[in-house]
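Each chain is listed here by its residues.
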Amino acid sequence: MSADRGAAAPDAPGPGPSAPTASTPALAGADGKRREPAYTVERLDHAEDVPRRLWDELAPADDPMWGQDVFTAMQGARIGPDAYAYLLVRRDGLPFAVLPLSAVRGLRLDQVVGPRERRLMAPVARAFPRLVRVPMLFCGNFLGQGHVMGRDPLPAPAARLLVREVMDYAREHRLGTVVFKDFAPHDLDALRPGLDAAGFFTVASLPDTELSLDHADFDAFLASLPAKPRRNARNKIRKFEQQTDLRMEVIDDFEHLVPAMMGLYRQVMDRADQTLDVLDEGFVRALSAGNADENDGGRTEQRLVACFEGDRLVGYLHCLFRGRGAVGARIGLDYGLAHRARLYHNLHYAAIELALARGCRHIRFAQTAYEPKREFGCELVEQSYALNHTGRLPRAVLRLLLPPALEAAHEQALAPKS
């Protein structure tokens, strides 16, 4: 943990991060005149440096990817980032907001663009692999939707201070490219005073997929679908039920299945168009081990929707729960039987049924395979990158070259595949 890094207005250091949050308006000074709150930023090294109670107060209440244990598992694994930090914003000395940072010192550009761009980059990647690796700082959640954790939107002075601290961190750690990743429009709007002052530009990122769950049960969900998707869903469910050697289960304790899960997950990732993050066994084990302590109210609850052929795991969807929200976080499939059993769809149907039974109001799925998720009834959730570079010339090049590449990848991902 480090000391306060800066201030938007002069103020004495406040108490430690365990102090309660506050939503204090402009205050009266000793002379009776109104004064604006003073903001400072402190760098923390680990997710656990933010007390659990404070984390739960500030984090999105219904987004399972923002549980503190998810960030702790990320920090102990090898999923892409090489280092993490957490910027704690204080208002008049009291904790007010937190922004997680993830540093990737050698991001492979050919793994985060679309297939066409990857083919064009392939000769360069083979001959000069260092040219397609760039140091990059991700702001927000490396594995999920971007937010600044907080009870209230950042006021303009706090936004400017926070973005300056982000850029300072990037310069100190030689991380040229800075990305606020997958932020919804209203979240970026709160940061706009700081982003504009620092020279950031925005580009649409891949949307999230979210299914609203305002149905009494799974049968009611099916009945709510338009005629063609409803017929397709029932046909796929029948196809699965005809596979007498397969069964679907919901499993609470699945740590013993992690090796088999990773093999199925690799089959999916080997076919993926883009691979910004690739989960490893350490991350999945850390989360699955934490599932045994669900009596700790701050933990992200988990279930494994699992398909077995006899005793062999042949497919799964790893589901996380927080508040009234659910996420189908990652999927694994045995492609040898996935098609005949309509396994992809049936795993998602089982996850939807599980989320409904738990009283969730929505469930989100990964930023892939948009066509079947639209058929499930999912809405696309608009998201954007805000990008910058610590150098003036690279910033100009980035602004010129990166938007077309990302826009092409965006169009290819959303294009109908059938």
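A word on the side chain of His389
So, point 1. Inspection of the secondary structure assignment puts His389 in strand β18 (residues 384-389).
So, point 2. With relative accessibility at 15%, the residue His389 sits in the buried group.
So, point 3. From its side chain, His389 meets the backbone nitrogen of Gly391 in a polar contact 2.9 Å long.
So, point 4. Here His389 is in contact with Met167, Gly176, Thr177, Pro394, Arg395 and Leu398, once residues within four sequence places are set aside.

Brief notes about the environment of Gly325
So, point 1. By the secondary structure assignment, Gly325 is in strand β15 (residues 325-333).
So, point 2. According to the relative accessible area criterion, Gly325 is buried, its value standing at 0%.
So, point 3. Distance in space between the C-alpha atoms of Gly325 and Ala355 is 8.3 Å, their sequence separation being 30 residues.
So, point 4. Other than its neighbours up to four places away in sequence, Gly325 contacts Asp62, Pro64, Leu320, Cys360 and His362.

Some thoughts on the nonpolar core
So, point 1. In terms of nonpolar packing, the biggest core is built from 56 residues, with Met74, Ile79, Met261 and Phe283 touching the most fellow members.
So, point 2. No other element matches the 6 residues that helix α8 (residues 258-269) contributes to this core.
So, point 3. Leu317, Cys319, Ala341 and Ala350 belong to the second largest nonpolar core, which has 38 residues in total.

Overview of the side chain of Asn388
So, point 1. Locating Asn388 in the fold gives a position in strand β18.
So, point 2. Exposure remark for Asn388: the relative accessible area of 0% places this residue in the buried category.
So, point 3. Within polar-contact distance, the side chain of Asn388 engages the backbone oxygen of Ala198 at 2.7 Å.

Here's the deal with the packing of helix α4 (residues 156-172) against helix α5 (residues 185-198)
So, point 1. Remark: α4 packs on α5, axes separated minimally by 7 Å, with the N-to-C direction vectors making an angle of 50°. If you check the angle between α4 and α5, you find them oblique. By crossing handedness, the relation of α4 to α5 is classed as right-handed. Along its contact with α4, which presents Ala156, Ala159, Arg160, Leu162, Val163 and Met167, the element α5 presents Ala190, Leu191, Pro193, Gly194, Leu195 and Ala198.
So, point 2. In terms of residue class, the contact of α4 with α5 is built from 10 nonpolar, 1 polar and 1 charged.

A closer look at the pairing of β15
So, point 1. Counting buried positions over the 9 residues of β15 gives 9, a clear majority of the element.
So, point 2. In the sheet, strand β14 (residues 312-322) pairs with β15 via 8 bridges, with the strands oriented antiparallel. Across the sheet, residue Leu320 finds its bridge partner in β15, namely Val327.
So, point 3. In textbook terms, the turn of a hairpin is the stretch between consecutive antiparallel strands, and for β14 and β15 this stretch comprises 2 residues, one of which, Gly323, has a positive phi near 60°.
So, point 4. In the sheet, β15 pairs with strand β16 (residues 362-365) via 4 bridges, with the strands oriented parallel. Across the sheet, Gly328 pairs through a bridge with Phe365, a residue of β16.

Some remarks on the sheet that holds β15
So, point 1. One open sheet holds the 7 strands; their spatial order is β12-β13-β14-β15-β16-β11-β17, and the pairing between them is mixed. Two strands in the sheet have a free side with no partner beyond their single neighbour: β12 (246-251) and β17 (379-381). Adjacent strand axes in the sheet meet at a mean angle of 25° when their direction is disregarded.
So, point 2. Bridge analysis of β12 against strand β13 (residues 301-309) gives 6 bridges, and the strand direction is antiparallel. Across the sheet, Glu249 pairs through a bridge with Ala306, a residue of β13.
So, point 3. Where α8 meets the sheet, its contacts fall on β13, β14 and β15, and the angle it forms with β15 comes to roughly 85°.

Side note on the pattern of salt bridges
So, point 1. The tally for this structure, following the rule as stated, stands at 20 salt bridges.
So, point 2. Between Arg171 and Asp168 there is a salt bridge; the shortest N-O distance is 3.5 Å. Within this pair, Arg171 and its partner Asp168 are both found in helix α4, separated by 3 residues, close to a single helical turn.
So, point 3. Since its relative accessible area comes to 33%, Asp168 is described here as partly exposed.
So, point 4. Note that Arg364 and Glu210 form a salt bridge whose closest N and O atoms lie 2.6 Å from each other. Of this pair, Arg364 sits in strand β16 while Glu210 sits in strand β11 (residues 208-212), and the two are 154 residues apart along the sequence. Of the two residues, Arg364 and Glu210, both sit in the buried class.
So, point 5. Residues participating in the shared-partner salt-bridge network are Asp245, Glu309, Arg312, Asp334 and Arg340.

Scoring rules and cut-offs
Residues numbered from 1 in each chain as written. Predicted model: local features only at pLDDT ≥ 70, side-chain atom pairs only at ≥ 80, totals over all residues. Heavy atoms only, no water. Helix = DSSP H or I, 4+ residues; strand = E, 2+ residues; numbered from the N terminus. Buried < 20%, exposed > 50% of the residue type's maximum accessible area, 1.4 Å probe, protein only. Polar contact = N/O pair within 3.5 Å; in protein donor to acceptor, adjacent residues only side chain to side chain. Contact = heavy atoms within 4.5 Å. Core = buried A, V, L, I, M, F, W, Y, C linked by side-chain atoms within 4.5 Å. Axes fitted to C-alpha atoms, helices over the stretch in contact; angles between N-to-C directions. Parallel < 35°, antiparallel > 145°, perpendicular 65-115°, else oblique. Left-handed = near helix turned anticlockwise from the far one by under 90°. Nonpolar A, V, L, I, M, F, W, Y, C, P; charged D, E, K, R; others polar. Pairing = 2+ DSSP bridges. Salt bridge = Lys/Arg side-chain N within 4 Å of Asp/Glu carboxyl O.

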